[in-house]
Amino acid sequence: MSGGVRRSMGMCLPCLSGAEDDVVVTPDPETRRRQLADAAEKRQKETTYRGVKNPEALERKKKKQEETEKPTINSAPSGGGGLKWQVG
């Protein structure tokens, strides 16, 4: 060893005194489940609105479009209208 500096093994590890205070307690299963559900919902929202500058405006536009489509679906005659088949 050159330079006169001697290092003993284990000097690169942090001091282990007080390491017992750093133990992380895992939350109960219900809390953990809720956290995972929230994280999944957040990821889903992020992917749904990826590239959308104003997600609220998009939601309003979708609702308005659904409302305008609903009366046209309900006004269509059921079973009686449309094409008729002739066999002959």
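See the structure shown above.
Residues numbered from 1 in each chain as written. Predicted model: local features only at pLDDT ≥ 70, side-chain atom pairs only at ≥ 80, totals over all residues. Heavy atoms only, no water.

Asks: Would you explain the overall build of the protein chain in this entry?
Replies: Scanning the protein chain from N- to C-terminus turns up two helices and zero strands. Counting only carbon and sulfur atoms, one obtains 55% of the accessible surface of the protein chain, whose full area is about 9,300 Å². (Helix = DSSP H or I, 4+ residues; strand = E, 2+ residues; numbered from the N terminus. Areas by Shrake-Rupley, 256 points an atom, 1.4 Å probe, with all protein chains shown as cover.)

Asks: How should the pattern of salt bridges be read in this particular structure?
Replies: Pairs may arise between side chains of opposite charge once their charged atoms sit close together. Considering all chains together, one arrives at two salt bridges under this definition. Notably, a salt bridge pairs E30 with R33, separated by 2.9 Å at the nearest N-O pair. Taken together, the residues E30 and R33, both in helix α1 (residues 29-48) and three residues apart, mark about one turn of the helix. In this structure E30 comes out as partly exposed when scored by relative accessible area, which is 40%. Classification of R33 as partly exposed rests on a relative accessible area of 46%. (Salt bridge = Lys/Arg side-chain N within 4 Å of Asp/Glu carboxyl O. Buried < 20%, exposed > 50% of the residue type's maximum accessible area, 1.4 Å probe, protein only.)

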